[in-house]
Amino acid sequence: MSDYELLAESPLGGVEIELDGFTITEVTDKSLVMVALPRDKFSDIESSINKSCGLKLPEMQNSTNSKDSSITLWRLQKNQVLAYFSYEGDDAESHLSERLSAPAYYTDQSDTWAMIRVSGNRSRDVLERICPIDLSPEVFSVGNVSRTVMEHIGTVIYRDGDDSYVLLTMRSFGRSMLHAIEVSADNVL
Amino acid sequence: MIINHPLLGPRDSEEFVYLGSTDLINRPTNWEDEASAEDFYQYQYIRENVAGDHKELWYHEQGDQSWLVVTRNTLTHEITNVELAQDVSRAMGRGK
C-alpha cells in the first residue's frame, strides 16, 4: 500500500473572479452524463423519465427540468440528451441511470468538461465579443443551450439565469477558455 | 457566410466543414459488377463545375454534428436552401 492518496481536482481549481458587474466562477457541484436515445426506444424513454423524475425530452437547443429541479436535460443533438445535475460523487453514471430508470445508454462525462459560470449584468457585453450566436435575451432565453465555437474552442453555452451563463469546454481547453473570457472582460469593462 | 441550420437557426460557416457536391450521396451500389469500375470513377472524380446554384454537403462539426445539403450560388455565395442531408437521402430512397 502506498502511503499517499490521490485527490481529485477540478479542471480550474475552483477559480472565482469578481469584477465590476461581472463574475467568473467554476462550476464544481454538477455532474454531466450523456444519455443516448436509441430510435426505437424514444417513446419508452419519454414515459420512463416522466414517471421517475417528471422529466420531458427537450426540444433542440432547449432544456427541461425534473420536478425537484435537480436534473436538467439539454438537447444538443437529435439522438441524445445531456443530463446536467447536482451531484459530486464519482459514480454519476449509475446515480443518474438509477434515477431516470430509462432504457437509454449512459456515459459519464463529468470530468472531461471544464464548466465556467459567467454572471452579472455585464455578462452579455463580455460574451458578445467571443460568442458567434445571438445572445439577445429574447432570442437566447433562460434554459436555452447551444454548442458553438468561441475563440476557436468548441463550447457549449447554457443560460441558467437572467444574467447567468454556463460555458462548457473540453477540460484541456479550460484554461484557454478562462483566458479568453478574462481578455474579453478586460476589453469591455 | 451564415448558414441557416434547419434545427438550430443561423450559424457562422466557421462552425462547418465543407465536403463538396451532393453527388457524393449517390454512392454506386453495384460494386460487385464488372462494370462498376466506371461508375465508381464517375462517382469519385467527375464533378460538374457549376456557375450558379450548387447543392453541396456541409458538416456541422462544431455544432450538432449533422450533415446538411446547402444550395449555394457559386457566383454570389447566396444560400437559398438548407436541408438535413438525412432527409434528402431518405427522399432519394437511400438509407434509414
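Calculation notes
Residues numbered from 1 in each chain as written. Chains lettered and ligands numbered in written order. Predicted model: local features only at pLDDT ≥ 70, side-chain atom pairs only at ≥ 80, totals over all residues. Heavy atoms only, no water. Helix = DSSP H or I, 4+ residues; strand = E, 2+ residues; numbered from the N terminus. Rg over C-alpha atoms; globule rule 2.2 N^0.38 Å. Contact = heavy atoms within 4.5 Å. Areas by Shrake-Rupley, 256 points an atom, 1.4 Å probe, with all protein chains shown as cover. Buried area = accessible area lost by both parts, 1.4 Å probe. Salt bridge = Lys/Arg side-chain N within 4 Å of Asp/Glu carboxyl O. Polar contact = N/O pair within 3.5 Å; in protein donor to acceptor, adjacent residues only side chain to side chain. Domains from an automatic or database assignment. Nonpolar A, V, L, I, M, F, W, Y, C, P; charged D, E, K, R; others polar. Core = buried A, V, L, I, M, F, W, Y, C linked by side-chain atoms within 4.5 Å. Buried < 20%, exposed > 50% of the residue type's maximum accessible area, 1.4 Å probe, protein only.

Moving on, we get to the overall build of chain A. A count of helical and extended segments in chain A gives four helices and 11 strands. At 17 Å, chain A has a C-alpha radius of gyration in line with the 16 Å of a compact globule built from 189 residues. With the C-alpha coordinates of chain A rotated into their principal frame, the extents come out at 55 × 50 × 30 Å. For chain A, contacts bridging at least 24 residues in sequence account for 60% of all contacts bridging at least 6. Summed over all atoms, the accessible surface of chain A reaches about 9,800 Å², with 45% contributed by carbon and sulfur.

Contact residues are listed per partner, giving 14 residues for chain B and 14 residues for chain A. Summed over both sides, the interface between chain B and chain A buries roughly 1,200 Å², with carbon and sulfur atoms accounting for 43% of that surface. Viewed at the interface, chain A and chain B are joined by zero salt bridges. Linking chain B with chain A are nine residue pairs in polar contact (both at pLDDT 80 or more), by the criterion used here.

All names here are of chain A. According to the domain assignment, chain A consists of domain 1 (16-28 + 111-188) and domain 2 (31-110). Taken together, the contacts link 16 residues of domain 1 with 12 residues of domain 2. For the domain 1 and domain 2 pair, buried surface summed over both sides reaches about 1,200 Å², with 55% attributable to carbon and sulfur atoms. On the surface where domain 1 and domain 2 come into contact, there are nine residue pairs in polar contact (both at pLDDT 80 or more). Put simply, the parts of the chain that give the side of domain 1 that touches domain 2 at least two residues each are strand E8 (113-119), strand E9 (145-150), strand E10 (153-161) and strand E11 (164-170). Along the lines of polarity and charge, the residues of the side of domain 1 that touches domain 2 split into eight nonpolar, five polar and three charged.

All names here are of chain A. Counting residues in hydrophobic clusters, the biggest one holds 25 residues, and the most contacted among them are Ile157 and Ile181. Those elements giving two or more residues to this core turn out to be strand E2 (22-26), E8, helix H3 (123-127), E10, E11 and helix H4 (174-188). When residues of this core are assigned to their parent elements, the largest contribution, five residues, is made by H4. Ignoring any residue separated from it by four or fewer positions in sequence, one finds Ile181 in contact with Phe22, Ile24, Ile116, Val118, Val126, Ile130 and Leu167.

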